[in-house]
Number of protein chains: 2
Amino acid sequence: MPVDRAALESYLDASRTRRMDAYRDFLRIPSISGLPDHAPDCRRAAEWLADELRRGGAEHVSVEETGGHPVVYGDWLHAAGAPTVIVYGHYDVQPVDPLDLWESPPFEPIVKGDRLQARGASDDKGQIMIHVRAFEALLATSGRIPLNLRFVFEGEEESSSVHLDGWLAANRDRLAADLAVISDTGFFDGNRPAITVGLRGLSAAQIDVTGPGGDLHSGGYGGTVENPIFALATILAALKGPDGRVRVPGFYDDVRPLSEAERDAIARLPFDEAAYLEATGSPALHGEPGYTTLERRGARPTLEVNGIWGGFEGEGTKTIIPAHAHAKITCRLVADQRPEAIFERLRAYIEEIAPPTVRVSVRSLGGGMPSLMPIDHPATRAAARAIEATFGAEPLYIREGGSIPVGASFTGLLGLPVVLVGFTPSDEHAHAPNEWMDLRNFETGIRAVATLWHELASLPR
Amino acid sequence: MPVDRAALESYLDASRTRRMDAYRDFLRIPSISGLPDHAPDCRRAAEWLADELRRGGAEHVSVEETGGHPVVYGDWLHAAGAPTVIVYGHYDVQPVDPLDLWESPPFEPIVKGDRLQARGASDDKGQIMIHVRAFEALLATSGRIPLNLRFVFEGEEESSSVHLDGWLAANRDRLAADLAVISDTGFFDGNRPAITVGLRGLSAAQIDVTGPGGDLHSGGYGGTVENPIFALATILAALKGPDGRVRVPGFYDDVRPLSEAERDAIARLPFDEAAYLEATGSPALHGEPGYTTLERRGARPTLEVNGIWGGFEGEGTKTIIPAHAHAKITCRLVADQRPEAIFERLRAYIEEIAPPTVRVSVRSLGGGMPSLMPIDHPATRAAARAIEATFGAEPLYIREGGSIPVGASFTGLLGLPVVLVGFTPSDEHAHAPNEWMDLRNFETGIRAVATLWHELASLPR
């Protein structure tokens, strides 16, 4: 069954002012999940969003307690025999500092040409609004939706989704579905539509090296005891080769190899390596031999040192052998690596190579599963058709280097395939000052989602 | 000419109260050179000391401007044909924190049995007092001194002797001498007299590694650019072997080998390796193969990382590739290494091994020359005889792991051999709370110095 495009356009045309007013109202709520002072704002945003869902026609709408900021749930389940889709988004936003770099107050949305500028305009309030408006318009114009929808909007994505997994697990039975659609990603390279098929996972660790009982005078003791910073440097240097290949035994064992077809698809992505290099500010690109930059970023795991400290950091010189030294490490993982297994291999290797002249401890700082959705999965194909029909361009298929742990949550906890389809421009300043949404994407996104529901409804179950 | 011991003892006996009162007055002046608020106290200590020298019979006494805390100069030059000796000490002291660990206020000296406790009691006001009192007593009892003396007491030893070299260089002609005697060292292992024959020098450097133009998201960029912390770790790990031997080419080229005689002397030093290990708090001792712990500490150069920092140091995880990473390094040097040459070799090696994917800069943070005085030098032999005659024990000959830059200054700028003879117990808490001087050492030290002038006076010039 195709979308009744004329009726949809007529409805959307008539409701434009109300749609933009609601979008701006949503953006005015400073729902910064990472700052405790903003907890009431997060709850206010949740209540506001629940009201919007009810007004749009969703049922069983509730603001659900999680132990942290609430989850907003709502559904529409009257398409008997059709698939059920969970729609995920998050109503919380990033902090706004540095405030002085904002051209306008972050929670006072302003329109500049085709841009709506405010914290959350893209990430992720704008994408939630696209879904709510598409749902409302379809229901208002057809009296029904072609499939069953469950909205799950969380309030802690920007602070590690601490309570989401618990809530999903506790509500597993109630959340029966066939697919999850996550709209928290964006376009590729400017405004070219994209479907994200891969996300990297994460395994984080801290290494603590202790030597002397306290800082020692390097004159009185230098040369007679191991230096913890040197021991740590030796350990870190052994984790990767100078070519960037990780040397932890077994690190690559569970990596699903890139198919030739996918390597071809990655090679066809519009990618300006010189511009990418310039954006990094590094003197040169660098990485695992045998892979292109985009493959290294999206399809290969990596190990990074995120921070290191120990001893004296001030001006001048302090002639000590420090008592301890520390480093933070994160491994980005790809399918089918598992965070716990990678951490255990890392720990075992470090313990094996650590010199006996210091004490070394390696502890996990958590992690998240990688995810990978085949390009030829029927749901991916449906999303591609919906995008092409509305944006007028075939989507690109990208493997993101970053992680959206919630994707792994829906797969791991609920056993659902996940389609990552989002509508923000690639330079939307998410997490940065002057975040913006392209209002043309916003409008076309509503049409794309309405089309997606029809495309997914016609899939064989 | 021997000391007139009877006259000396009679004088010292009669002047004991005055001697102790003056010592305590000196200690009451909080001349902490490292704290700007105490600059007036440093000047007050200098003036007080100048008055003491005048009262004792020194001539040409003056408080000399240096650009920092003043130098106190005084001389007695009436021993025609006899050698001229420069006596060095410092009237400034270390800060006193942590104050709550002091059993009594640091600038209110108290006597506990044979101990005088106060900041500076040993380091170095006590040793200055030994010299001033020996001078005064010899002059009062003999009407003359058997050699020529120049007193040079500085006020910045505890804050890197910033202005001393400039003052020495500017006054080179005026400071003509044959020998310098520095009393800023102590005994070995309890209260066993010692002469320090070796001091390590220093060459300090900072390594700055820059990669990306700013911190990069490790998801979006991990695997495609070099991580500055990893590059720094690789560089540091290449500087030393796991056995502690420095791998910088040419590092050991200028090291004067230990003679068998000196190795035997070091092996005979009373040294409790288990107690030393326990004092470090490290799990094991460690160092360059082929050398004992005492040889590693005093007779071999070493390279230490004193501090390292870069990226995220907070709680939890921050998934970044940091823009830069930094480390501070000090090499302890032994004769005949030179700080500038060692720094240049270090810099050249680091530049050679630095990966081209980051920018690496290595800059000098200064240094100081090592010094080594032969055990069989006539001045060392004279000091040994003076100690044996007064303390009743043959001195040990030690190579200190630390550095007293002023030793190198007298050798380098004035061309003088340097004898390091001091009288503080080995556990005197210099630089720590509850610093103390053994008053028996103080008294015997006065006799030892008086004897030393006679021993040195009889040496052939």
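Per-chain numbering applies: the sequence of each chain, read as written, is numbered from 1 onward. Lettering for chains starts from A, numbering for ligands starts from 1, and both go in the order in which the items are written. A pLDDT threshold of at least 70 governs which residues receive local features in this predicted model, and a stricter bar of 80 or more applies before side-chain atom pairs are shown or counted, although totals over entire chains, interfaces and linings include all residues.

1. Digging into the overall build of chain A
- Secondary structure elements follow DSSP: runs of H or I no shorter than four residues count as helices, runs of E no shorter than two count as strands, and numbering proceeds from the N terminus. Scanning chain A from N- to C-terminus turns up 14 helices and 18 strands.
- The globule rule is 2.2 Å times the number of residues to the power 0.38, and the radius of gyration it is compared with is taken over C-alpha atoms. By the compact-globule yardstick of 23 Å for 461 residues, chain A fits well, its C-alpha radius of gyration being 24 Å.
- Exposed residues have 12 or fewer other C-beta atoms within 10 Å of their own C-beta, buried residues have 20 or more, and partly exposed residues fall in between, where C-beta atoms are placed from the backbone. Burial status across chain A gives 54% buried among its 461 residues.
- Think of it this way: build a C-beta for each residue from its backbone, and any pair within 7 Å is a contact. Put simply, of all contacts in chain A between residues at least 6 apart along the chain, 79% involve residues at least 24 apart.

2. Side note on the domain arrangement of chain A
Residue and element names in this part refer to chain A.
- Where a domain begins and ends is set by an automatic assignment or by a domain database. If you check the domain split of chain A, you get domain 1 (5-199 + 370-457) and domain 2 (202-249 + 301-366).
- The C-alpha centroid of domain 2 is placed 40 Å from the C-alpha centroid of domain 1.
- Here the side of domain 1 that touches domain 2 is built from residues that sort into 2 nonpolar, 4 polar and no charged. Residue classes follow a fixed rule: Ala, Val, Leu, Ile, Met, Phe, Trp, Tyr, Cys and Pro count as nonpolar, while Asp, Glu, Lys and Arg count as charged, and any other residue, Gly among them, counts as polar.

3. Focus: the sheet that holds strand β9 (residues 201-210) of chain A
- As summarised here, the arrangement of the 8 strands in space is β14(A)-β9(A)-β13(A)-β11(A)-β11(B)-β13(B)-β9(B)-β14(B), forming an open sheet in which the pairing is antiparallel. Two strands bound the open sheet, and with one partner strand each, they are β14 (359-368) of chain A together with β14 (359-368) of chain B. Averaged over neighbouring strand pairs, the angle between their axes works out to 20° when direction is ignored.
- Where strand β11 (residues 302-311) of chain A meets strand β11 (residues 302-311) of chain B, 5 bridges bridge the pair, whose relative direction is antiparallel. Its bridge partner being in β11(B), A:I308 is matched across the sheet by B:G310. Between any two strands, pairing holds if DSSP finds at least two bridges. The angle between two axes is taken between their N-to-C directions and runs from 0 to 180 degrees, where each axis is a line fitted to C-alpha atoms and a helix contributes only its stretch in contact.

4. Considering the sheet that holds strand β18 (residues 436-438) of chain B
Residues and elements named next belong to chain B.
- Spatially, the 3 strands line up as an open sheet ordered β4-β5-β18, and their pairing is antiparallel. The two strands at the open ends of the sheet, each matched to only one other strand, are β4 (110-112) and β18. Neighbour-to-neighbour, the strand axes of this sheet turn through a mean angle of 25°, independent of strand direction.
- Relative to strand β5 (residues 115-117), β4 is paired through 3 bridges, and the arrangement is antiparallel. Note on β5: the bridge partner recorded for V111 is L116.
- Sheet contacts for helix α14 (residues 439-457): β5 and β18; angle to β18, the most-contacted strand, approximately 60°.

5. Describing the pairing of strand β7 (residues 179-182) of chain A
All names here are of chain A.
- On β7, burial covers both faces: L179 and V181 on one face and A180 and I182 on the other are all buried.
- One ladder, built from 4 bridges, connects strand β3 (residues 84-90) with β7; its direction is parallel. Bridge pairing in β7 places V87 opposite V181.
- Where β7 lies against strand β17 (residues 418-421), 3 bridges are found, and the strand directions are parallel. The partner of V181 across the bridge, within β17, is V419.

6. Let's talk about the confidence of the model for chain A
- Per-residue confidence from the predictor is given as pLDDT, running between 0 and 100. Model confidence for chain A is summarised by a mean pLDDT of 94, while 100% of its residues fall at 70 or above.
- Among the prediction metrics, the complex's ipTM stands at 0.84, with pTM recorded as 0.84.

7. Describing the interface of chain A and chain B
- Listed by partner, the interface residues are 71 residues for chain A and 71 residues for chain B.
- Elements supplying a minimum of two residues to the side of chain A that touches chain B: β10 (216-217), α6 (218-221), α7 (228-239), α10 (293-298), β11, β12 (320-321), β13 (324-333) and β14 of chain A.
- With 9 residues, the single largest contributor to the side of chain A that touches chain B is β11(A).
- The class makeup of the residues in the side of chain A that touches chain B is 26 nonpolar, 32 polar and 13 charged.

8. Notes on unusual backbone geometry
- Between A:D123 and A:D124 the backbone carries a cis peptide bond, its omega angle lying at 10°.
- Note on placement: A:D124 falls in the loop between β5 (115-117) and α4 (125-142).
- Following B:D97, the chain continues to B:P98 via a peptide bond in cis, the omega torsion being 0°.
- Within the secondary structure layout, B:P98 lies in the loop between β3 (84-90) and β4.
- Even without a glycine there, the phi angle at A:S160 is positive, about 75°.
- Its location among the elements puts A:S160 in the loop between β6 (148-154) and α5 (164-170).

9. Some points on the packing of helix α4 (residues 125-142) of chain B against α14(B)
Residue and element names in this part refer to chain B.
- At their nearest, the axes of α4 and α14 sit 8 Å apart, and the two run at 55° to each other. Classified by the interaxial angle, the pair formed by α4 and α14 is oblique. Where α4 crosses over α14, the handedness of that crossing is right-handed. Residues G126, I130, H131, R133, A134, A137 and L138 of α4 pack against F442, G445, I446, V449, A450 and W453 of α14.
- Per-class residue counts for the contact of α4 with α14 are 9 nonpolar, 3 polar and 1 charged. Reported orientations rely on four angle classes, namely roughly parallel under 35 degrees, roughly antiparallel over 145, roughly perpendicular from 65 to 115, and oblique for the rest. Take the far helix as your reference; a near helix turned counterclockwise from it by less than a right angle gives a left-handed crossing, and one turned clockwise gives a right-handed crossing.

10. Some remarks on the pairing of strand β8 (residues 194-199) of chain B
Residue and element names in this part refer to chain B.
- In terms of burial, β8 is a largely internal element, 6 of the 6 residues being buried.
- With 5 bridges connecting them, β8 and strand β16 (residues 396-400) associate as parallel partners. Directly across from I195, in β16, lies its bridge partner Y397.

11. A word on the relation of the copies chain A and chain B
- Least-squares superposition aligns the copies on the C-alpha atoms of those residues with pLDDT at or above 70 in both. When chain A is fitted onto chain B, the two copies agree to an RMSD of 0.3 Å after a turn of 179° and an axial shift of 0.1 Å. Such a combination of turn and shift is consistent with a two-fold rotation axis.
- Comparing contact sets, 100% of the residues at the interface of chain A also lie at the interface in chain B, consistent with an isologous, same-surface contact.

12. Points about the environment of B:I229
- Counting through the fold element by element, B:I229 comes out in helix α7 (residues 228-239).
- Residue B:I229 is classed as buried on the basis of its C-beta count, with 30 C-beta atoms lying within 10 Å.
- Put simply, B:I229 and B:A275 are 46 residues apart on the chain and 36 Å apart in space, counted from C-alpha to C-alpha.
- In this view, B:I229 contacts A:V305, A:I308, B:G310, B:G311, B:P322 and B:A325; residues no more than four positions away in its chain are not counted.

13. Looking at the packing of helix α2 (residues 16-28) of chain A against α4(A)
All names here are of chain A.
- It is at 10 Å that the axes of α2 and α4 come closest, and there the two elements cross at 145°. Crossing handedness for the pair α2 and α4: right-handed. Within the contact between the two elements, α2 uses R19, Y23, F26 and L27 and α4 uses K125, M129 and R133.
- Split by residue class, the contact of α2 with α4 holds 4 nonpolar, no polar and 3 charged.

14. Observations concerning the environment of A:R385
- By the element assignment, A:R385 lies in helix α12 (residues 378-391).
- Once the C-alpha coordinates of A:R385 and A:R44 are considered, the two residues, 341 residues apart in sequence, prove to be 37 Å apart.

15. What about helix α3 (residues 39-56) of chain B?
Residues and elements named next belong to chain B.
- Taking 1.5 Å as the rise per residue, α3 with 18 residues should run 26 Å; its terminal C-alpha atoms sit 26 Å apart, in good agreement.
- Buried residues belonging to α3 abut α2 (16-27), β1 (59-64), β2 (71-76), α4 and β6 (148-154).
- Where α3 terminates, the next one or two residues include G57, which has phi positive at roughly 115°. Expected helix span is computed as 1.5 Å times (number of residues minus one).

16. What about the environment of B:E157?
All names here are of chain B.
- Within the secondary structure, E157 sits in the loop between β6 and α5 (164-170).
- When the C-alpha atoms of E157 and V93 are compared, they prove to be 8.0 Å apart, with 64 residues separating the residues in sequence.
- Every residue in contact with E157, bar those within four places of it in the chain, is listed here: H90, D92, D124 and V406.

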